[in-house]
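Summary of the model geometry
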Amino acid sequence: MLQPIGDRVIVKVEEEEEQKVGGIVLASNAKEKPQEGQIVSVGEGRRSANGELIPMSVQKGEKVFFDKYAGTKLNYEGEDYLVLHEGDIIAVIK
């Protein structure tokens, strides 16, 4: 499995279902970019200016909302993931 470094998290993005408007299926490029996913792996945290480790405030398995254009897409073993900085996460879904 992938292990992020520092204050990064790896998210499995939840793709939106196919949208239909008046019986017409929208093209994939007309869909909104997903902003929701589940965390599959969490880094150790970030370092402060004096070198102290600041632990992550999110955990593996949590569902989150993140900034629309944040992160880096990657494909690992046939699965698509998004690598985000912890600061790109907007909210945890409880």
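Residues numbered from 1 in each chain as written. Predicted model: local features only at pLDDT ≥ 70, side-chain atom pairs only at ≥ 80, totals over all residues. Heavy atoms only, no water.

Quick look at the overall build of the protein chain now. Looking only at helices and strands, the protein chain has 0 helices and 10 strands in total. In sequence order, the protein chain lays out its α and β elements as β-β-β-β-β-β-β-β-β-β. Scored against the burial criterion, the 94 residues of the protein chain give a buried share of 29%. Look at the contacts in the protein chain between residues 6 or more apart in sequence, and 62% of them connect residues 24 or more apart. Counting every atom, the protein chain has about 6,500 Å² of accessible surface; 49% of that belongs to carbon and sulfur. (Helix = DSSP H or I, 4+ residues; strand = E, 2+ residues; numbered from the N terminus. Buried < 20%, exposed > 50% of the residue type's maximum accessible area, 1.4 Å probe, protein only. Contact = heavy atoms within 4.5 Å. Areas by Shrake-Rupley, 256 points an atom, 1.4 Å probe, with all protein chains shown as cover.)

Across the sheet, 6 strands lie side by side as S8-S9-S1-S4-S7-S10; this open sheet has antiparallel pairing. The sheet is open, and its two edges are formed by strand S8 (72-76) and strand S10 (89-93), each paired on a single side. Taken pair by pair, the neighbouring strands of this sheet meet at an average axis angle of 45°, ignoring direction. Sheet topology note: the S8/strand S9 (residues 79-85) ladder contains 5 bridges and is antiparallel. Residue Lys73 lies in a different strand from S9, and its bridge partner there is Leu82. (Pairing = 2+ DSSP bridges. Axes fitted to C-alpha atoms, helices over the stretch in contact; angles between N-to-C directions.)

What follows is about the packing of aromatic side chains. Summed over the entire model, instances satisfying the criterion amount to 0 aromatic pairs. Geometry around Tyr81 places Lys12 over its ring, the cationic atom sitting 5.7 Å from the centre. (Phe/Tyr/Trp six-rings, centres within 6.5 Å; stacked < 30°, edge-to-face > 60°. Lys NZ or Arg CZ within 6 Å of the ring centre and 35° of its normal.)

So, on to the pattern of salt bridges. Tallied over the full model, the rule gives 2 salt bridges. The closest approach of N and O atoms between Glu79 and Lys12, which form a salt bridge, is 2.7 Å. In this pair, Glu79 is assigned in strand S9 and Lys12 in strand S1 (residues 8-13), connecting sequence segments 67 residues apart. Across the pair Glu14 and Lys63 runs a salt bridge, and its minimum N-O distance is 2.8 Å. A residue pair is termed long-range when its members are at least 10 positions apart, and Glu14 in the loop between S1 and strand S2 (20-21) and Lys63 in strand S7 (residues 63-66) qualify at 49 residues. With a relative accessible area of 29%, Glu14 lands in the partly exposed category. (Salt bridge = Lys/Arg side-chain N within 4 Å of Asp/Glu carboxyl O.)

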